[in-house]
Amino acid sequence: NQNGTITAVGVGNTTVTATAKDGSGVVATIDVTVTAEDIIVPDDTTAPVVEITGADNVSVGQKVTLTVKVNEANLASFKITEKDLLGLTGGASISKINKVSDDTYEITLMGVEVSSLALCIDAGVAVDVAGNVSAESNEVVIFINSGEDL
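Computed from a predicted model, the values in this text were never measured in an experiment. (Residues numbered from 1 in each chain as written. Predicted model: local features only at pLDDT ≥ 70, side-chain atom pairs only at ≥ 80, totals over all residues. Heavy atoms only, no water.)

Chemist: An account of the overall build of the protein chain is needed here, citing residue identities and associated values.
Modeler: Summing up its helical and strand segments, the protein chain has zero helices and 12 strands in all. Ordered by position from the N terminus, the helices and strands of the protein chain form the series β-β-β-β-β-β-β-β-β-β-β-β. Residue pairs at least 24 apart in sequence account for 57% of intrachain contacts in the protein chain once pairs closer than 6 positions are excluded. Of the accessible surface of the protein chain, which amounts to about 9800 Å², a share of 48% is contributed by carbon and sulfur atoms. (Helix = DSSP H or I, 4+ residues; strand = E, 2+ residues; numbered from the N terminus. Contact = heavy atoms within 4.5 Å. Areas by Shrake-Rupley, 256 points an atom, 1.4 Å probe, with all protein chains shown as cover.)

Chemist: Which residues make up the sheet that holds strand β9 (residues 104–110), and what values go with them?
Modeler: Strand pairing in a sheet relies on backbone hydrogen bonds, with the paired strands running either antiparallel or parallel. Here four strands make up an open sheet; going across it, the order is β3-β5-β9-β8 and the pairing antiparallel. For this open sheet the edge positions go to β3 (49–54) and β8 (93–101), each flanked by a neighbour on one side alone. Ignoring which end each strand starts from, the neighbouring axes of this sheet average 20° apart. (Pairing = 2+ DSSP bridges. Axes fitted to C-alpha atoms, helices over the stretch in contact; angles between N-to-C directions.)

Chemist: Mind laying out the side chain of T104, listing which residues take part and the relevant values?
Modeler: Within the fold, T104 resides in strand β9. A relative accessible area of 11% means that T104 is categorised as buried. Of note is the side chain of T104, whose polar atom sits 3.5 Å from the side chain of K69. With residues near it in sequence (within four places) discarded, T104 still touches T67, V68, K69, F78, N98 and K99. (Buried < 20%, exposed > 50% of the residue type's maximum accessible area, 1.4 Å probe, protein only. Polar contact = N/O pair within 3.5 Å; in protein donor to acceptor, adjacent residues only side chain to side chain.)

Chemist: Could you give me a rundown of the pattern of salt bridges, with the residues and numbers involved?
Modeler: For the coordinates displayed, the defined rule picks out two salt bridges. Between K69 and D103 there is a salt bridge, with the nearest N and O atoms lying 2.8 Å from each other. Remark: D103 occurs in the loop between β8 and β9 and K69 occurs in strand β5 (residues 64–71); sequence separation between them is 34 residues. Accessibility expressed as a relative area gives 38% for K69, which makes it partly exposed. D103 gets classed as partly exposed once you look at its relative accessible area, which sits at 23%. For D84, the salt bridge is made with K83, and the minimal N-O distance between the two is 3.6 Å. (Salt bridge = Lys/Arg side-chain N within 4 Å of Asp/Glu carboxyl O.)

Chemist: I'd love a proper account of the nonpolar core, names of residues and values included.
Modeler: With 22 residues, the main nonpolar core has V50, L66, V68, F78, I80, I121 and I142 as its most contacted residues. Broken down by secondary-structure element, the contributors of at least two residues to this core are β3, β5, β9, β10 (116–121) and β12 (140–145). Tallying contributions element by element places β5 first for this core, with four residues. Once residues within four sequence positions are removed from consideration, F78 is found in contact with V50, V68, V70, K99, D102, D103, T104, Y105, V125 and A126. (Core = buried A, V, L, I, M, F, W, Y, C linked by side-chain atoms within 4.5 Å.)

Interpretation note: all reported values are geometric properties and have no functional meaning in isolation.
Written out as structure tokens, the structure reads:
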């Protein structure tokens, strides 16, 4: 541009010519080669594993917080939304989905008033740098204690 900035727009060769604005007639040229950056993709065929952990037992009306963690050293993306929560049973509703770190979310459920609830995470929420996609997570089942003697 007029300020002397050269911006590469693709792979190839070009000659850049600069002419002095002071009327001296000074001209300079330079040949520029733009090459593609080598991207090294690890030889990885193992998909990321998404795991849910949390309390095994809670009391009626108590908040249930589950931790969803992906076990992958070369994680490219990991995102959980409400639509990724499958099989939510037991009359529970999602109170909060909180991203704790690049590989961990916390999900808080409310309104649990039955004997148990179950939940798993949909496939595809995690992708590693080699393009491997996570499968559906393990299912977690939490038993709800009513406080009554059986």
